[in-house]
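So the chains spell out like this:
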Amino acid sequence: MSAPTGPMRFRIVTLACLSLSPLSVQTSCSSSSSATRDERTIATTKSSGEVTGRSTLTSPIAIPGQRVVLVPFAIASRKGLFEDSDPYTRGGVLYDTNGYAASSRAGGVLVQQNVRWHNVLARDLDSGEEWMILNTRGVIGRFQLLGFWSDAEKQFVTAGLAFVAVIADTNQDGSLDDRDARALIIADASGRNPRVVSPRDAQVWEVSYDAPTASVFAMIATDTNRDGRFDFNDVAVPYVIRPELEEAARPVVSDDLTKRAQSLLR
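These remarks concern the structure in this document.

Reading the values: rules and limits
- Residues numbered from 1 in each chain as written.
- Predicted model: local features only at pLDDT ≥ 70, side-chain atom pairs only at ≥ 80, totals over all residues.
- Heavy atoms only, no water.
- Helix = DSSP H or I, 4+ residues; strand = E, 2+ residues; numbered from the N terminus.
- Buried < 20%, exposed > 50% of the residue type's maximum accessible area, 1.4 Å probe, protein only.
- Contact = heavy atoms within 4.5 Å.
- Areas by Shrake-Rupley, 256 points an atom, 1.4 Å probe, with all protein chains shown as cover.
- Salt bridge = Lys/Arg side-chain N within 4 Å of Asp/Glu carboxyl O.
- Core = buried A, V, L, I, M, F, W, Y, C linked by side-chain atoms within 4.5 Å.
- Pairing = 2+ DSSP bridges.
- Phe/Tyr/Trp six-rings, centres within 6.5 Å; stacked < 30°, edge-to-face > 60°.
- Patch = residues over 30% accessible without salt bridge, like charges linked within 9 Å, V, L, I, M, F, W, Y side chains within 5 Å.

1. Quick notes on the overall build of the protein
Argument step 1. Looking only at helices and strands, one finds 1 helix and 15 strands in the protein.
Argument step 2. Within the protein, the fraction of its 266 residues that count as buried is 45%.
Argument step 3. A fraction of 59% describes how many contacts in the protein between residues 6 or more apart in sequence connect residues 24 or more apart.
Argument step 4. Carbon and sulfur atoms make up 51% of the accessible area of the protein, which totals about 13,800 Å².

2. So, the pattern of salt bridges
Argument step 1. Evaluation of the coordinates by the stated rule reveals 13 salt bridges.
Argument step 2. A salt bridge links Arg67 to Asp126; its shortest N-O distance comes to 3.2 Å. On the criterion of sequence distance, the pair formed by Arg67 in the loop between β3 (61-62) and β4 (68-77) and Asp126 in the loop between β6 (119-124) and β7 (130-132) is long-range, its members being 59 residues apart.
Argument step 3. For Arg67, a relative accessible area of 47% gives the class partly exposed.
Argument step 4. For Arg90, the salt bridge identified is with Asp177, shortest N-O distance 2.7 Å. A residue pair is termed long-range when its members are at least 10 positions apart, and Arg90 in the loop between β4 and β5 (114-117) and Asp177 in the loop between β9 (155-166) and β10 (183-187) qualify at 87 residues.
Argument step 5. In this structure Arg90 comes out as partly exposed when scored by relative accessible area, which is 32%.
Argument step 6. On the basis of relative accessible area, Asp177 is assigned to the buried category, the value being 0%.
Argument step 7. Salt bridges linked by common partners bring Arg90, Asp173 and Asp177 together as one network.

3. A closer look at the nonpolar core
Argument step 1. Counting residues in hydrophobic clusters, the biggest one holds 23 residues, and the most contacted among them are Leu70, Ile140, Phe143, Leu161 and Phe163.
Argument step 2. Put simply, the parts of the chain that give this core at least two residues each are β4, β5, β6, β8 (139-150), β9 and β10.
Argument step 3. With residues up to four places along the chain from it excluded, the contact list for Ile140 reads Val115, Arg116, Trp117, Asn119, Val120, Leu134, Phe163, Val164 and Ala165.
Argument step 4. Within the second largest apolar cluster, 20 residues are counted, among which are Leu146, Val197, Tyr209 and Val216.

4. Re the sheet that holds β10
Argument step 1. The strand order β5-β8-β9-β10-β11 describes an open sheet built from 5 strands, whose pairing is antiparallel. Looking at which strands have only one partner, the edges of the open sheet turn out to be β5 and β11 (195-196).
Argument step 2. Looking at chain direction, β10 and β11 are connected through 2 bridges and run antiparallel. By the bridge assignment for β11, Ile186 is matched with Arg195.

5. So, the packing of aromatic side chains
Argument step 1. Taken as a whole and judged by the stated rule, the model has 3 aromatic pairs.
Argument step 2. Ring geometry for Trp117 against Phe143: centres 5.8 Å apart, planes inclined by 45°, an arrangement best described as tilted. With Trp117 in strand β5 and Phe143 in strand β8, this pair connects stretches of sequence that are 26 residues apart. Of the two residues examined, Trp117 and Phe143, each falls in the buried class.
Argument step 3. Summarising the aromatic geometry, the rings of Phe143 and Phe163 are spaced 5.1 Å apart at their centres and angled 20° between planes, so their arrangement reads as stacked. Highlighted residues: Phe143 in strand β8 and Phe163 in strand β9, separated in sequence by 20 residues.

6. Here we look at a nonpolar patch on the surface
Argument step 1. Side chains of Val252, Val253 and Leu257 sit close together on the surface and give an oily, nonpolar patch of about 210 Å² of accessible area.
Argument step 2. With respect to the helices and strands, the residue Val252 is situated in the loop between β15 (250-251) and α1 (255-263).

Remember, this is a structural readout, not a statement about activity or role.
Listed below in C-alpha cells is the structure:
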C-alpha cells in the first residue's frame, strides 16, 4: 500500500447497498415496503458440524481500480417467529461506526460496513484465477475498502481490503458469534494474500485507515479482567500495522508508557 502525495479527504469504505443485500446489516438503505424480498439471513454458525440452510451468493462487488470482483457467500435460513433474526449478535460488543460517513465523490454510494457472510469468493476477471478470503470456517462481520480519493486521478484509489471475522469458538459455547474473539484480516488491493494480523485471542472493535502513512489502525480488546468474555470492562488498546512492511499489528504505545500516564493520576 503506497502512501499518496496529495491531501487525503476520505478514510472510509463506500459501497453500494444493493451489492451487499440480502445478508448485510442495512444501516442507510431504503426500499419500497410493498416489494417482495428474501427474508433469509445468515444461518446459526456452529463451531463444528453441518451448517444447514441455502447456499447464497450475492451480487459481485467491484474493487475500484482492480480487475477483481468479490462475491459474498453465506449459508442462509429463514427464521421462525421466535428465532433470532441475527444469530451472529448475541450480546457482544458492537462495532463502532462513529466517524464513518458516505462519500459522494467516491461514486455516489452509501457506507455499508457491517455484514453477515460465511466467506468471500474472489475472481480475477482477466486471468480467471479464483480464491477465498477465509480458508477456515468463520463469520465475516465487517468489510472495508482501505484507500483514498485521488484528486489527480479523480477516483477512489484502493490500497487494500479489511475484513473482521470470527474464525474460532474462543469461548467454547459451540457457536461462532460476536461473543468470540474477532480477527482483523488484511488483503492486498486486489483481494489477494488475505492474512490475520491481529492477536488470535482478542476482539477487534474498530478499524480505520490513514492514507498518508499507509497505516491501518484498530482498537483491539483482550479479556483483561479474565471473566471469560469481551465487554466494556475490558481494556481496548490501539494497534497499528503498515501492511506493505509488517506481518502483524502492534500496539501504538507501550504498556510502560501507559503505566507512566496512570501513575500521574494516583
